[in-house]
There are 2 protein chains.
Amino acid sequence: MKTARNTLYVAGASLLLATSPAMADDELASYRDRFEPLPHLPPLPAENPQTDEKVHLGNMLFFEPRISASGVISCATCHNPALGWSDRIPRAVGHNGQVGERNTPTVLNSGFLESQFWDGREPDLEGQALGPIEADVEMAMQLEHALERLAEFELYQEKFSDAYPGESDPISAKNLAQALAAFQRTLNTPDSPFDRYLQGDQNAISDQAKEGMVAFVDNGCIACHRGANLTDSQFHAIQVPGSTDLGRYVVTGEEADKYRFRTPTLRNVGVTYPYMNNGATETLEEAVAIMGQEMLGREFDDSTINDITAFLHTLTGKMPDFEVPALP
Amino acid sequence: MKTARNTLYVAGASLLLATSPAMADDELASYRDRFEPLPHLPPLPAENPQTDEKVHLGNMLFFEPRISASGVISCATCHNPALGWSDRIPRAVGHNGQVGERNTPTVLNSGFLESQFWDGREPDLEGQALGPIEADVEMAMQLEHALERLAEFELYQEKFSDAYPGESDPISAKNLAQALAAFQRTLNTPDSPFDRYLQGDQNAISDQAKEGMVAFVDNGCIACHRGANLTDSQFHAIQVPGSTDLGRYVVTGEEADKYRFRTPTLRNVGVTYPYMNNGATETLEEAVAIMGQEMLGREFDDSTINDITAFLHTLTGKMPDFEVPALP
């Protein structure tokens, strides 16, 4: 099937699409049906109702470096809005210049994930939020100390009270995590070219990207990278070049979990290089080739790699609005 | 004079100002005349003509962490727009968590300064811009390496060409410095309450702040903190608690320059704590008391300290517009 399709497209795709788009579109429709546009908001948990006050507080906290031991590292240091809400270096650099083991995942659309971190060790953003504050190689701040630091500022006393009205001691670990999670749930990128294509704008993506979409489905990439956020939120074994990371095994201790990692989102993958759990893969083309080899047992030819890469670039959405807060 | 004035004001200021503002204002006018509102732009040097393209590029570069050895420290790490374009820690934290010797000065209104750095070792922002990139305790990146890194990105090739049209090799140290300087010259805070007061809005600042303005003049603070940016750009000897920093002597080697520092601006001093060259002074009240003792040989009473502090808070302007850039 792949060969037949490639033959058809390589030989006549431009002509075909140019002269009889309805027919081509008809054929593409069954591929489009395998995808879903990204909603504007992820599911909002009943245990952490989304409010403007909480989001506003979370926005402040996300940019707050004084909840790190050095006083200069905030969530936004590694999840940098100027860099696709990630850091664009292989592995995260944290407290005292220590280099972590893994590539920083973007926080964009992270509210759509069914588990957090590469090894899925937390089920949700509330569970995720406090980890990097305490991690020795990241912000290296004891949680109690971080809360004390925040409580020193009248503005944070006010903002926590606004976000958690009626609580006698609102500056708590739970509320810190909830506010950060609430803010992160606003960091979504709907309306990417691919979303607009799925919603009927046939000119929103190039012919090459459409070929890439077809190759993405036909080669089985979609088996794991599926749904609105292009991840099944499941764990799959992979050992990419240079990585000895045991992945989910570190969390569960189960032999079967060795080298398994949660499928990452492909949303905004064009602006969240480098790739893989160890960030050792610089370009999207290399990443596509490696995934073909490691996960699908296929050697993609250059044309397929370029097509899939063109498709992946259509998953870059409009960066979310946010404000650099005025911290106290 | 100070006592007489205090007696007058403490006894009857509210009543006086409430019932005969013209008279009070008449008396205050001679004090107001000692100050100047902040212009919207500092002097723009003929050698670095300000253009939108240069400012845009400078904005990108200011937030660019990949011109640091770690890949995570940018100008905006220490000159953080969320923290008054400074860092609000005593002394700067840079590469591998190293702590520098001095408190980070804000870049706000730095284009109005007649020399740069606490010791005035560079005459202008162009001279200042490259220092922190190369400093071992800051970004720790060799300049050649930083330029090579930038040249890897097509977007920077474009933006440098846009900013320096006609140059065959626009990604140069000189142009990097010029772009950063051009951007920084846009980071000004006119229209503070005190500026509005100087421009005729008598209700722009409180009665206490007006008392503080009077005390600021009568006690001689204005001798050094004068002009639109409230600094004479001169060097004065001061040894604040805990500091052994030799100041300008490090630059000139002249005995007379020991412990001399360039007068810092007082613009936005309310949001750029902590204070002094070593950042050891936490509050503005303490800073005012220390300056009284060290520079003026006076023990200010609490009322004077509070008045001057109230005045200083009126020097906090509207934070400048800028954008978090989309980096390549």
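Residues numbered from 1 in each chain as written. Chains lettered and ligands numbered in written order. Predicted model: local features only at pLDDT ≥ 70, side-chain atom pairs only at ≥ 80, totals over all residues. Heavy atoms only, no water.

- With an unreviewed UniProt entry as reference, chain A is termed C-type cytochrome, source organism Vreelandella alkaliphila.

**A short note on the overall build of chain A**
Step number 1: Helix and strand counts for chain A come out as 14 helices and 2 strands.
Step number 2: By principal-axis analysis of the C-alpha atoms, chain A measures approximately 70 × 40 × 30 Å.
Step number 3: Taken over 328 residues, chain A has a buried fraction of 55%.
Step number 4: In chain A, the share of contacts with a sequence separation of at least 24, taken over all contacts with a separation of at least 6, comes to 68%.
Step number 5: Placing the 24 positive and 48 negative side-chain charges of chain A at their respective mean positions leaves the two points 3 Å apart. (Helix = DSSP H or I, 4+ residues; strand = E, 2+ residues; numbered from the N terminus. Buried < 20%, exposed > 50% of the residue type's maximum accessible area, 1.4 Å probe, protein only. Contact = heavy atoms within 4.5 Å. Lys, Arg positive; Asp, Glu negative; His and termini not counted. Charge placed at Lys NZ, Arg CZ, Asp CG, Glu CD.)

**Focus on the pattern of salt bridges**
All names here are of chain A.
Step number 1: With the rule as written, the count across this model stands at 22 salt bridges over all chains.
Step number 2: In this structure, the salt-bridge partner of Glu126 is Arg185, at a minimum N-O distance of 2.8 Å. One end of the pair, Glu126, is in helix α5 (residues 125-129); the other, Arg185, is in the loop between α9 (173-184) and α10 (193-198), and 59 residues separate them in sequence. In this structure, Glu126 and Arg185 share a single accessibility class: buried. (Salt bridge = Lys/Arg side-chain N within 4 Å of Asp/Glu carboxyl O.)

**Let's talk about the environment of A:Thr314**
Residue and element names in this part refer to chain A.
Step number 1: Tracing the chain through its elements places Thr314 in the segment after α14 (302-313).
Step number 2: Linking Thr314 and Gly292, residues 22 residues apart in sequence, is a C-alpha distance of 20 Å.
Step number 3: Residues within four places of Thr314 in sequence aside, it is in contact with Ser192, Pro193, Phe194, Ile205 and Ala209.

**Re the relation of the copies chain A and chain B**
Step number 1: The two copies are related by a screw motion: chain A maps onto chain B through a turn of 180 degrees and a shift of 0.0 Å along the axis, at an RMSD of 0.0 Å. Such a turn and shift between the copies fits a two-fold axis. Across chain A, the smallest distance between a C-alpha and the rotation axis is recorded for A:Asn96, namely 2.1 Å. (Least-squares fit on C-alpha atoms with pLDDT ≥ 70 in both.)

**With respect to the packing of aromatic side chains**
Step number 1: Applying the stated criterion to the full structure yields 32 aromatic pairs over all chains.
Step number 2: Centroid distance A:Trp85 to A:Phe183: 6.4 Å. Interplanar angle 55 degrees. Geometry classified as tilted. Highlighted residues: A:Trp85 in the loop between α4 (75-78) and α5 and A:Phe183 in helix α9, separated in sequence by 98 residues.
Step number 3: When its relative accessible area of 1% is taken as the criterion, A:Trp85 is described as buried.
Step number 4: Grouping aromatic residues by their ring pairs yields a cluster made of A:Phe35, A:Phe194, A:Tyr197, A:Phe216 and A:Phe311.
Step number 5: Just above the ring of A:Tyr197 sits the side chain of A:Arg32; from NZ or CZ to the centre is 5.1 Å.
Step number 6: For B:Lys258, the ring lying beneath its charged end belongs to B:Tyr249, and the centroid distance is 5.0 Å. (Phe/Tyr/Trp six-rings, centres within 6.5 Å; stacked < 30°, edge-to-face > 60°. Lys NZ or Arg CZ within 6 Å of the ring centre and 35° of its normal.)

**Focus: the packing of helix α13 (residues 284-296) of chain B against helix α14 (residues 302-313) of chain B**
Residue and element names in this part refer to chain B.
Step number 1: Packing of α13 against α14 brings their axes to within 9 Å, and their N-to-C directions diverge by 115 degrees. The chirality of how α13 crosses α14 is right-handed. On the side of α13, the interface is formed by Leu284, Glu285, Val288 and Ala289, while α14 contributes Ile305, Asn306, Ile308, Thr309, Leu312 and His313.
Step number 2: Each residue belonging to the contact of α13 with α14 can be placed in one class, and the counts come to 6 nonpolar, 3 polar and 1 charged. (Axes fitted to C-alpha atoms, helices over the stretch in contact; angles between N-to-C directions. Left-handed = near helix turned anticlockwise from the far one by under 90°. Nonpolar A, V, L, I, M, F, W, Y, C, P; charged D, E, K, R; others polar.)

**A look at the side chain of B:Ser70**
Residue and element names in this part refer to chain B.
Step number 1: By the secondary structure assignment, Ser70 is in the loop between α3 (52-62) and α4 (75-78).
Step number 2: Judged by its relative accessible area of 16%, Ser70 falls in the buried class.
Step number 3: Polar side-chain contacts of Ser70 include one of 3.2 Å to the backbone nitrogen of Val72. (Polar contact = N/O pair within 3.5 Å; in protein donor to acceptor, adjacent residues only side chain to side chain.)

**Observations concerning the domain arrangement of chain A**
All names here are of chain A.
Step number 1: As assigned here, chain A comprises domain 1 (2-40 + 189-313) and domain 2 (52-184).
Step number 2: For domain 1 versus domain 2, the separation of C-alpha centres amounts to 30 Å.
Step number 3: Facing the 25 residues of domain 1 at the interface are 22 residues of domain 2.
Step number 4: Buried area between domain 1 and domain 2, summed over both chains or domains, comes out near 2,100 Å², and the portion from carbon and sulfur atoms is 56%.
Step number 5: Inspection of the domain 1/domain 2 interface yields 1 salt bridge.
Step number 6: With its nearest N and O atoms 2.7 Å apart, the salt bridge here joins Asp245 to Arg102.
Step number 7: Summed over the shared surface of domain 1 and domain 2, the result is 11 residue pairs in polar contact (both at pLDDT 80 or more).
Step number 8: Looking at the side of domain 1 that touches domain 2, the elements with two or more residues in it are α12 (249-252) and β2 (260-262).
Step number 9: Partitioned by chemical class, the residues of the side of domain 1 that touches domain 2 number 11 nonpolar, 10 polar and 4 charged. (Domains from an automatic or database assignment. Buried area = accessible area lost by both parts, 1.4 Å probe.)

**Description of the interface of chain A and chain B**
Step number 1: With 23 residues of chain A in contact, the opposing surface of chain B contributes 23 residues.
Step number 2: On the chain A side of the contact with chain B, A:Val72, A:Ala82 and A:Val324 bury the most area, a combined 26% of that side's loss.
Step number 3: Our count for the contact surface shared by chain A and chain B stands at 0 salt bridges.
Step number 4: Our count for the chain A to chain B interface comes out at 10 residue pairs in polar contact (both at pLDDT 80 or more).

**A look at the state of the cysteines**
Step number 1: Applying the stated criterion across every chain, the model contains 0 disulfides over all chains.
Step number 2: Lacking any disulfide linkage, B:Cys221 is separated from the closest cysteine sulfur, that of B:Cys224, by 9.3 Å. (Disulfide = S-S within 2.5 Å.)

**Some details on the UniProt feature "binding site: heme c 1" (unreviewed entry) in chain A**
Residue and element names in this part refer to chain A.
Step number 1: When the UniProt feature table is mapped to this numbering, "binding site: heme c 1" (unreviewed entry) covers Cys75, Cys78, His79 and His95.
Step number 2: Within the secondary structure, Cys75 sits in helix α4.
Step number 3: With residues near it in sequence (within four places) discarded, Cys75 still touches Leu61, Phe62, Met139 and Leu180.
Step number 4: With respect to the secondary-structure elements, His95 resides in the loop between α4 and α5.
Step number 5: Look at His95 and you get buried, because its relative accessible area is 15%. (UniProt positions renumbered as here; feature names shortened; annotations may be inferred.)

**Regarding the UniProt feature "binding site: heme c 2" (unreviewed entry) in chain A**
Residue and element names in this part refer to chain A.
Step number 1: The sites that UniProt annotates as "binding site: heme c 2" (unreviewed entry) are Cys221, Cys224, His225 and Met291. Across 71 residues of sequence, these annotated residues stay compact in space, with a maximum C-alpha separation of 11.4 Å.
Step number 2: Among the residues examined, His225 registers a relative accessible area of 10% and is labelled buried.
Step number 3: What His225 contacts, discounting residues up to four positions off in sequence, is Phe216, Leu230, Thr231, Thr263, Pro264, Leu266 and Met291.
Step number 4: In terms of polar contacts, His225 uses its side chain to reach the backbone carbonyl oxygen of Leu230, at 3.0 Å.
Step number 5: As for its placement among the helices and strands, Met291 is situated in helix α13 (residues 284-296).
Step number 6: The class for Met291 is partly exposed, based on a relative accessible area of 26%.

**Structural notes on the packing of α3(B) against helix α9 (residues 173-184) of chain B**
Each pair of packed helices can be summarised by the angle the axes make with each other and by the distance between the axes.
Residue and element names in this part refer to chain B.
Step number 1: Two elements in contact, α3 and α9, have axes separated by 7 Å at closest approach and are oriented at 95 degrees. One way to sum up the angle between α3 and α9 is to call them roughly perpendicular. Touching Lys54, Val55, Leu57, Gly58, Asn59, Leu61 and Phe62 of α3 are Leu176, Gln178, Ala179, Leu180, Ala182, Phe183 and Gln184, all from α9.
Step number 2: Residues belonging to the contact of α3 with α9 are distributed by class as follows: 9 nonpolar, 4 polar and 1 charged. (Parallel < 35°, antiparallel > 145°, perpendicular 65-115°, else oblique.)

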